[in-house]
Amino acid sequence: MTTSSSERGVSLGMPELPAPAYPDDVRARLETDAREIIARYPDSRSALLPLLHLVQSEEGHVTRTGMQFCADVLGLTTAEVTAVATFYTMYRRRPSGDYQVGVCTNTLCAVMGGDAIFQELQEHLGVGNGETTEDGKVTLEHIECNAACDFAPVVMVNWEFFDNQTPASAKRMVDDLRAGRPVEPTRGAPLCTFKETARILAGFPDERPGAVDATGGAGPASLVGLRLARGETAPARVVHPREGAPGDRDGLSQDRDNPSQDRDVHEPSPTEHLSSHDAPQDTSASDPAHPAGPAAEEGE
């Protein structure tokens with residue numbers, strides 16, 4: 001004797017209805033933009049990534065309607081479009097805020113204070129990872145790397161850099177965003193909304209006055225190799241500041257009565273420190289009240 005799925009308490013559910021279409025005027029406008037994007041590529045399906053940014057600029061996230069539109073104009077299946085849209089985290093799958101605030105919690109930013117920033121922002125905003133404030137202004141998320149380790153800890157807002165952050169500065173920044181007060185990134189173009197950012201990522205020019213001219217360079221640590229390659233900076237010398245250094249054993253210091261005679265002890269100036277700031281968290285070096293003791297043997 002067999003039993004039906006309903007008798008077993010299993011609900012097979014109903015097939016999902018087709019995605020609703022864009023209003024005619026919206027679809028006509030998006031089709032015009034889509035043709036411009038597709039014309040840039042020898043193979044039309046290569047335009048899928050910028051097209052996903054285009055539909056994201058319409059509603060602030062990639063909807064089923066947006067994915068259906070991409071499939072229609074590129075001759076793809078919705079499964080193919082969905083596979084791409086769900087692979088890249090830059091495509092939002094649900095409504096999100098005007099400002100995407102991403103806190104780097106990868107290794108260097110984490111030890112420099114990124115974890116503390118993220119935790120305090122969650123408490124301050126009353127949201128969790130990937131959640132949006134009730135006013136729809138800020139979506140908070142932790143991200144793996146902002147590619148700006150020499151400015152750690154780093155926060156990004158709609159992919160613009162906010163360097164050398166602390167919990168206090170990050171909280172002031174999100175408060176200003178929610179209040180509509182001007183917020184200027186450390187580097188790069190002035191802030192715009194997430195929808196406007198998505199349209200720029202789709203390949204359309206930023207038409208705000210002065211936005212294209214705004215720029216931001218890499219930090220000193222990022223540029224050392226480039227300067228060395230250009231011969232602009234002398235190669236660094238490795239010098240041991242203590243007596244009895246390895247150089248003595250190699251015969252580099254000839255005067256045993258004055259070991260430092262032939263060895264310059266270099267004291268770096270503040271401008272030579274390539275890190276943008278010291279770690280904000282207490283360590284045995286920065287907090288004399290909590291020195292690190294000698295390592296204990298296993299089992300002690």
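In case you missed it, the structure is sitting above this.
Overview of the structure. Once a new chain begins, its residue numbering starts again from 1 and follows that chain's sequence as written. Since the coordinates come from a predicted model, pLDDT governs what is reported: local features require at least 70, and pairs of side-chain atoms require 80 or more to be given and counted, while whole-chain, interface and lining totals use all residues. To obtain the side-chain values, all non-hydrogen atoms of the structure were included, while hydrogens and water were left out.

Focus: the overall build of the protein chain
So, step 1. Counting from the N terminus, the helices are DSSP H or I runs at least four residues long and the strands are E runs at least two residues long. Along the backbone of the protein chain there are nine helices and five strands.
So, step 2. Secondary structure of the protein chain in N-to-C order comes out as α-α-α-α-β-α-β-β-β-β-α-α-α-α.
So, step 3. The proportion of buried residues among the 300 residues of the protein chain is 34%.
So, step 4. Residue pairs at least 24 apart in sequence account for 63% of intrachain contacts in the protein chain once pairs closer than 6 positions are excluded. Note on classification: 1.4 Å probe, protein chains only; a residue is buried when its accessible area is under 20% of the maximum for its type, exposed when over 50%, partly exposed between these limits. Two residues form a contact once any of their heavy atoms are found within 4.5 Å.

A closer look at empty space enclosed by the protein
So, step 1. Residues are said to line a cavity or pocket when one of their atoms sits within 4 Å of a point; the points come from a 1 Å grid over protein atoms alone, cavities being sets where a 1.4 Å probe fits but cannot get out and pockets being open sets with protein on both sides within 12 Å along at least five of seven lines. Grid points are joined across faces, edges and corners, and a volume is the space filled by probe spheres set on the points. One pass over the full model with this rule turns up one cavity of 30 Å³ or more.
So, step 2. Taken as a whole, the largest cavity holds about 50 Å³ of empty space.
So, step 3. Considering the residues around the largest cavity, the lining is formed by R92, Q100, V101, G102, E141, I143, M156, N158 and W159.
So, step 4. Counting only elements with at least two residues in the lining of the largest cavity, the list comes to strand 1 (99-104) and strand 3 (138-143).
So, step 5. Looking at the lining of the largest cavity element by element, the count peaks at three residues for strand 1.

Some points on the environment of F194
So, step 1. Topologically, F194 is positioned in helix 7 (residues 194-201).
So, step 2. Each C-alpha atom of the pair F194 and V157 lies 8.8 Å from the other, and the pair is 37 residues apart in sequence.
So, step 3. Ignoring anything within four residues of it in the chain, the contact list for F194 reads Q56, G60, M90, R92, S96, G97, D98, Q100, N158 and W159.

A few points about the side chain of E160
So, step 1. Looking at the element boundaries, E160 is found in strand 5 (residues 160-162).
So, step 2. Working convention for charge: Lys and Arg count positive, Asp and Glu count negative, and His plus the chain ends are omitted. Salt bridges are defined by distance alone: a side-chain nitrogen of Lys or Arg within 4 Å of a carboxyl oxygen of Asp or Glu. Buried charge without a partner: E160 forms no salt bridge, and the closest opposite charge is R208, 5.8 Å away.
So, step 3. Aside from chain neighbours lying at most four places away, what touches E160 is V155, P185, R187, G188, A189 and L191.

Examining the packing of helix 3 (residues 64-74) against helix 4 (residues 78-85)
So, step 1. At a closest axis distance of 9 Å, the pairing of helix 3 and helix 4 adopts a crossing angle of 120°. Of the possible angle classes, the one that applies to helix 3 and helix 4 is oblique. Crossing handedness for the pair helix 3 and helix 4: right-handed. Of helix 4, the residues touching helix 3 (which contributes M67, Q68, C70 and A71) are T78, V81, T82 and A85.
So, step 2. Residue classes follow a fixed rule: Ala, Val, Leu, Ile, Met, Phe, Trp, Tyr, Cys and Pro count as nonpolar, while Asp, Glu, Lys and Arg count as charged, and any other residue, Gly among them, counts as polar. Counted by class, the contact of helix 3 with helix 4 contains five nonpolar, three polar and no charged residues. Whenever a helix is involved, its axis is fitted only over the stretch in contact; in every case the axis is a line through C-alpha atoms, and angles between N-to-C directions fall within 0 to 180 degrees. Each angle receives one of four descriptions, namely roughly parallel if under 35 degrees, roughly antiparallel if over 145, roughly perpendicular if within 65 to 115, and oblique otherwise. It is the rotation of the near helix from the far one that decides the hand of a crossing: anticlockwise by less than a right angle makes it left-handed, clockwise makes it right-handed.

Structural notes on the nonpolar core
So, step 1. The definition of a nonpolar core used throughout is a set of buried Ala, Val, Leu, Ile, Met, Phe, Trp, Tyr and Cys residues joined through side-chain atoms within 4.5 Å. Residues L51, L52, L54 and V81 are the most contacted members of the largest nonpolar core, which totals 24 residues.
So, step 2. For this core, the secondary structure elements donating two or more residues are helix 1 (24-38), helix 2 (48-59), helix 3 and helix 4.
So, step 3. With sequence-adjacent residues up to four places away left out, V81 is seen in contact with L48, L52, M67, C70, A71 and L76.
So, step 4. One finds V103, V155, V157 and L191 within the second-largest nonpolar core, a separate group that totals 19 residues.

Notes on the packing of aromatic side chains
So, step 1. Note on aromatic pairs: the rings of Phe, Tyr and Trp (six-membered ring only in Trp) are paired at centre separations within 6.5 Å, and the planes decide the class, stacked below 30 degrees, edge-to-face beyond 60, tilted for the rest. Under the criterion given, the structure shown has three aromatic pairs.
So, step 2. Taking the centre distance of 6.2 Å and the plane angle of 85° together, the rings of Y88 and Y91 count as edge-to-face.
So, step 3. Look at Y91 and you get buried, because its relative accessible area is 4%.
So, step 4. Members of the aromatic cluster, joined through ring pairs, are F87, Y88 and Y91.
So, step 5. A ring has a charge above it when a Lys NZ or an Arg CZ is no more than 6 Å from the ring centre and no more than 35 degrees off the ring normal. In this arrangement the basic side chain of R40 is found over the ring face of F204, its NZ or CZ atom lying 5.4 Å from the centre.
So, step 6. In this structure, R199 packs its charged tip against the face of F204, placed 4.1 Å from the ring centre.

Describing the sheet that holds strand 3
So, step 1. Strands qualify as paired when DSSP identifies two bridges or more between them. If you trace the five strands from one edge of the open sheet to the other, you get 2-3-1-4-5, paired in mixed fashion. The two strands at the open ends of the sheet, each matched to only one other strand, are strand 2 (131-132) and strand 5.
So, step 2. Where strand 2 and strand 3 come together, two bridges link them in antiparallel fashion. Across the sheet, residue T132 finds its bridge partner in strand 3, namely T139.

A look at the pattern of salt bridges
So, step 1. One pass over the structure, following the stated rule, counts twelve salt bridges.
So, step 2. With a closest N to O distance of 2.9 Å, R29 and E58 form a salt bridge. Of this pair, R29 sits in helix 1 while E58 sits in helix 2, placing them 29 residues apart in sequence.
So, step 3. As a salt-bridge pair, R187 and D163 come within 2.8 Å of each other at their nearest N and O atoms. Remark: D163 occurs in the loop between strand 5 and helix 6 (167-179) and R187 occurs in the loop between helix 6 and helix 7; sequence separation between them is 24 residues.

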